[in-house]
Amino acid sequence: MSILVYTESENGKLKKAALEVVSYAKAIADQMGTSVTAVAVNADNAETLGNYGASKVLLVKDDSLKAFNAKKYAAIIENAAKNEGAKVVVVSSSANSKYLAPLLAVGLDAGYVANVVEAPSSVSPFTVKHSAFTNKAFANTEITTDVKIVGLSNNSFGLVDSGGSASVEGFSPSIPDSGVTVESVDKATDKVSIADAEIVVSGGRGLKGPENWGMIEELAEVLGAATACSKPVSDLGWRPHGEHVGQTGKPVASNLYIAIGISGAIQHLAGINASKVKVVINTDPEAPFFKAADYGVVGDAFEVVPKLIEKLKAFKAANA
Amino acid sequence: MKILVCISHVPDTTSKINFTDGDTKFDTNGVQFVINPNDEFGLTRAMWFKEKQGASVDVVNVGGAETEPTLRKALAIGADSAIRVNTPATDGYAVAKQLAKVVNDGGYDLVIAGRESIDYNGAMVPGMLAGMIGANFVANCISLEVDGTNAKAVREIDGGKETVSTTLPLVIGGQKGLVEESDLRIPNMRGIMMARKKPLTVVEPTDANAETKALSFEKPAPKGTVKLVDADNIDELVNLLHNEAKVI
Ligand SMILES: Cc1cc2nc3c(=O)[nH]c(=O)nc-3n(C[C@H](O)[C@H](O)[C@H](O)COP(=O)(O)OP(=O)(O)OC[C@H]3O[C@@H](n4cnc5c(N)ncnc54)[C@H](O)[C@@H]3O)c2cc1C
């Protein structure tokens, strides 16, 4: 009757979100008096999940699973959950986990709540808090089924190193035909993705044109951050569509979000409100973003950003 | 090809979000409801299939009578007929269950739903529906082409995109990118007049219990006011981010 978690990896390396979901699952397991079993696919360092609270890892090694496939991965997790008699299954909020979770919910006949931001307020009845209305509110929702699936919002719980250790067991369930074949993947491998990022540096129409993005990229590089933009910026073709954040774009739940030359329209804020600390740099002191931000600089991006890069470089050098 | 487009009836983006009855119910007072933005892209793509490749397009909503203006709007945009499953949309699972019955009864080849609705943002209905009816499923779909029973789709992934091939019957969770925003249709007078004559069928729900229950709602704690840093004192910003916010 353990808690099962699906831990994502990329090119063999466990993602930070994987360590976070295990930390979270451990908190639930402690509440319920049980242990955590993790499922990992093609991860090289699965034993590290023990540090975050997993006592067992079911490791699937299979070259045919190199490309993510929602139906196949859901079948693996379903199998593991049934074998383990898991009552709670935890997944992250990556695009892939959100893709497989509804399929898994049907397979396990389990109630599923996504975008969960805290440990359950009660495990009996099983009640979780999650964001709703594009981050303008939270809902406290009870999952009434026997098996429950929780989708944890990235960066909402953090990593808890519990110093434990895990046994790693090979796991090879039968995997169904998926009906969906990945033909090609187009992804910048050297860039931090918005979903994984702890820090996001975002530019808006205030930057005037694509030729001015050098300083945004440089700032992102100094901070180890992902780059993002407002919708008009991607509509104008200054930046790729995948960088557009907001209600109709990607959601951002980073620890730090730096908005440069972005007005802070409600549709933009909807996608980034889940970020913890927001910094805004804007020439217009009346820009709505100042109402949503924690720190603000009223000033011209073309003067402020180069200064910020310089100061951060000095800070990094001093704290290296 | 028979296409079903799932239409979620959601508060307009700019709506103020409030709750009533001791924070247990969403307050619809003064809220304007619209077609879910992600569904609008799907509906327009469906119109493209209809006009360029020949297809019938039905729209469906699970909800009370109050959602009919939203369905009429979808008809005015060009859908052939509308179905309303007469039951409140209690949770993603219950909605998917109702939709599964509509799809099975209607024999649809392609179901276009939105990536997520902008009220509960669960992104669960399309996947659950696909799982229930045994159809193929592509989430976060930003491009879709269909040739006979073969389909090619592009979906957004974290940090990039992925091209997949699959076959009908298919369910997609669609979003911006399925069509250009400038191609989104707005109902014109003729469309509105025609929509009045198009069939809007109300069907009674099948048995489907919700698996989750929203007990209460809350709004984020009021934010403190922004701390302004002088543009000539960026050292202070770095200091605050390090020592106070502890994010660098
Ligand atoms: C249904 C719907 C969905 C939408 N979804 C999204 C979404 O997902 N994401 C999104 O972002 N938008 C979305 N929008 C659009 C949104 O309403 C705004 O139009 C958009 O966010 C504005 O982008 P912006 O702030 O970059 O541009 P602008 O509104 O043009 O603002 C630019 C800002 O830059 C400042 N500025 C100018 N020059 C400088 C300078 N030199 N230095 C510093 N600051 C400067 C200005 O003071 C201004 O505040 C949506 C709209 C609708 C209707």
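Cut-off values and rules
Residues numbered from 1 in each chain as written. Chains lettered and ligands numbered in written order. Predicted model: local features only at pLDDT ≥ 70, side-chain atom pairs only at ≥ 80, totals over all residues. Heavy atoms only, no water. Helix = DSSP H or I, 4+ residues; strand = E, 2+ residues; numbered from the N terminus. Buried < 20%, exposed > 50% of the residue type's maximum accessible area, 1.4 Å probe, protein only. Contact = heavy atoms within 4.5 Å. Areas by Shrake-Rupley, 256 points an atom, 1.4 Å probe, with all protein chains shown as cover. Lys, Arg positive; Asp, Glu negative; His and termini not counted. Charge placed at Lys NZ, Arg CZ, Asp CG, Glu CD. Pairing = 2+ DSSP bridges. Axes fitted to C-alpha atoms, helices over the stretch in contact; angles between N-to-C directions. Core = buried A, V, L, I, M, F, W, Y, C linked by side-chain atoms within 4.5 Å. Near = heavy atom within 4 Å. Polar contact = N/O pair within 3.5 Å; in protein donor to acceptor, adjacent residues only side chain to side chain. Parallel < 35°, antiparallel > 145°, perpendicular 65-115°, else oblique. Left-handed = near helix turned anticlockwise from the far one by under 90°. Nonpolar A, V, L, I, M, F, W, Y, C, P; charged D, E, K, R; others polar. Phe/Tyr/Trp six-rings, centres within 6.5 Å; stacked < 30°, edge-to-face > 60°. Lys NZ or Arg CZ within 6 Å of the ring centre and 35° of its normal. Expected span 1.5 Å × (residues − 1). Salt bridge = Lys/Arg side-chain N within 4 Å of Asp/Glu carboxyl O.

Draft legend 1. The overall build of chain B, seen in detail. Helices and strands together make up the secondary structure of chain B, namely 6 helices and 15 strands. Viewed in the frame of its principal axes, chain B has a C-alpha envelope of about 65 × 45 × 40 Å. Here chain B, with 248 residues, has 54% of them falling under the buried criterion. For chain B, contacts bridging at least 24 residues in sequence account for 70% of all contacts bridging at least 6. When the accessible surface of chain B is totalled, it reaches about 10,900 Å², and 49% of it is carbon and sulfur. Charge-centre separation for chain B: the mean point of 26 positive side chains lies 6 Å from the mean point of 33 negative side chains.

Draft legend 2. Structural context of the sheet that holds strand β15 (residues 226-229) of chain A. Strand order in the open sheet formed by 6 strands is β15(A)-β14(A)-β16(A)-β17(A)-β18(A)-β15(B), with parallel pairing between adjacent strands. In this open sheet, the two edge strands, each paired with only one partner strand, are β15 of chain A together with β15 (227-228) of chain B. Strand direction decides the pairing type here: strand β14 (residues 199-203) of chain A and strand β16 (residues 256-260) of chain A, joined by 5 bridges, are parallel. The partner of Val 200 of chain A across the bridge, within β16 of chain A, is Tyr 257 of chain A. Along the sheet, helix α8 (residues 301-319) of chain A contacts β16, β17 (277-282) and β18 (295-298) of chain A; its crossing angle with β17 of chain A, the most-contacted strand, is approximately 135°. Where helix α6 (residues 234-244) of chain B meets the sheet, it contacts β16, β17 and β18 of chain A together with β15 of chain B, and its direction lies at approximately 170° from that of β18 of chain A.

Draft legend 3. Focus on the nonpolar core. Counting residues in each nonpolar core, the largest one holds 91 residues, and the members touching the most others are Leu 100 of chain A together with Ile 3, Val 5, Leu 43, Val 59, Val 138 and Leu 144 of chain B. Ignoring sequence-local partners within four residues, the contact set of Val 5 of chain B consists of Asp 39, Gly 42, Leu 43, Ala 46, Val 57, Asp 58, Val 59, Val 60 and Ile 112 of chain B. Counting 38 residues, the second largest nonpolar core, distinct from the first, contains Ile 199, Leu 207 and Leu 256 of chain A together with Val 238 of chain B.

Draft legend 4. Up close: the site of the ligand. Residues and elements named next belong to chain A. In the region of the ligand, 27 residues are neighbours, and Ser 230, Ser 263, Gln 267, His 268 and Asn 282 sit closest. In this structure, Gly 249 approaches the ligand through a main-chain N or O atom, which is 3.5 Å from an oxygen atom. Here the ligand, which alone exposes 990 Å², has 77% of that area covered by the protein.

Draft legend 5. Highlighting the packing of α8 of chain A against α6 of chain B. At a closest axis distance of 9 Å, the pairing of α8 of chain A and α6 of chain B adopts a crossing angle of 50°. Regarding the angle of α8 of chain A to α6 of chain B, the classification is oblique. The interaxial crossing formed by α8 of chain A with α6 of chain B has right-handed handedness. Note on element contacts: α6 of chain B touches α8 of chain A through Ile 234, Asp 235, Leu 237, Val 238 and His 242 of chain B, opposite Val 304, Lys 307, Leu 308, Lys 311, Leu 312, Phe 315 and Asn 319 of chain A. Among the residues forming the contact of α8 of chain A with α6 of chain B, the class breakdown is 7 nonpolar, 2 polar and 3 charged.

Draft legend 6. Focus on the packing of aromatic side chains. Across all of its chains, the model carries 13 aromatic pairs over all chains by this definition. When the centroid spacing of 5.2 Å and the interplanar angle of 90° are considered together, the rings of Tyr 24 of chain A and Phe 157 of chain A count as edge-to-face. On the criterion of sequence distance, the pair formed by Tyr 24 of chain A in helix α1 (residues 16-32) and Phe 157 of chain A in the loop between β11 (148-152) and β12 (167-170) is long-range, its members being 133 residues apart. Here Tyr 24 of chain A falls in the buried class, since its relative accessible area comes to 0%. Here Phe 19 of chain B and Phe 26 of chain B contribute two aromatic rings whose centre-to-centre distance is 6.3 Å and whose plane-to-plane angle is 65°, an arrangement assigned as edge-to-face. By the burial criterion, Phe 19 of chain B is buried, and Phe 26 of chain B matches it. Linked through ring pairs, Tyr 6, Phe 68, Tyr 73 and Tyr 99 of chain A together with Phe 137 of chain B together constitute an aromatic cluster. Sitting above the plane of the Phe 49 of chain B ring, Arg 45 of chain B keeps its charged end 5.0 Å from the centroid.

Draft legend 7. Seen up close, helix α1 (residues 37-53) of chain B. Residues and elements named next belong to chain B. With 17 residues, α1 extends 24 Å from end C-alpha to end C-alpha; this agrees with the ideal 24 Å at 1.5 Å per step. Residues of α1 that are buried: Pro 37, Asn 38, Asp 39, Phe 41, Gly 42, Leu 43, Thr 44, Arg 45, Ala 46, Met 47 and Phe 49. Positive phi appears at Gly 54, one or two residues downstream of α1, with a value of about 80°.

Draft legend 8. View of the pairing of strand β10 (residues 137-143) of chain A. Of all the 7 residues making up β10 of chain A, 6 are buried; the element is thus mostly covered by neighbouring parts of the structure. Bridge analysis of strand β9 (residues 126-132) of chain A against β10 of chain A gives 7 bridges, and the strand direction is antiparallel. Across the sheet, the residue bridging to Phe 126 of chain A is Ile 143 of chain A, located in β10 of chain A. Hairpin connection of β9 of chain A to β10 of chain A: 4 residues between the antiparallel strands, including Phe 133 of chain A at a positive phi of 50°. The pairing of β10 of chain A with strand β14 (residues 212-218) of chain B spans 6 bridges and is classified as antiparallel. Bridging across to β14 of chain B, Glu 142 of chain A finds its partner in Lys 213 of chain B.

Draft legend 9. Representation of the pattern of salt bridges in the model. Tallied over the entire structure, the rule returns 32 salt bridges over all chains. The closest approach of N and O atoms between Lys 176 of chain B and Asp 235 of chain A, which form a salt bridge, is 3.2 Å. With Lys 176 of chain B in the loop between β12 (170-174) and α5 (189-197) and Asp 235 of chain A in helix α5 (residues 231-235), this residue pair bridges two chains. We classify Lys 176 of chain B as buried; its relative accessible area is 10%. Across the salt bridge formed by Lys 307 of chain A and Asp 232 of chain B, the nearest N and O atoms sit 3.4 Å from each other. Linking Lys 307 of chain A in helix α8 with Asp 232 of chain B in the loop between β15 and α6, this pair reaches from one chain into another. Since its relative accessible area comes to 25%, Lys 307 of chain A is described here as partly exposed. In this structure, a network of salt bridges that share partners links the residues Glu 10, Lys 15, Lys 187 and Asp 196 of chain A.

Draft legend 10. Up close: the sheet that holds strand β13 (residues 200-203) of chain B. Spatial strand order, β13(A)-β11(B)-β10(B)-β9(B)-β12(B)-β8(B)-β1(B)-β6(B)-β7(B)-β13(B): 10 strands in an open sheet with mixed pairing. At either end of the open sheet lies a strand with only one pairing partner, and these are β13 (180-187) of chain A together with β13 of chain B. Geometrically, the sheet is characterised by an average inter-axis angle of 30° between neighbouring strands, direction not taken into account. In the packing of α1 of chain B onto the sheet, contacts are made with β1 (2-6), β6 (56-62), β8 (110-114), β9 (136-147) and β12 of chain B, and the angle to β1 of chain B comes to roughly 165°. Sheet strands in contact with helix α2 (residues 68-77) of chain B are β6, β7 (81-85) and β13 of chain B, and its direction is about 160° off that of β7 of chain B.

That's the geometry; what it means functionally is another story.
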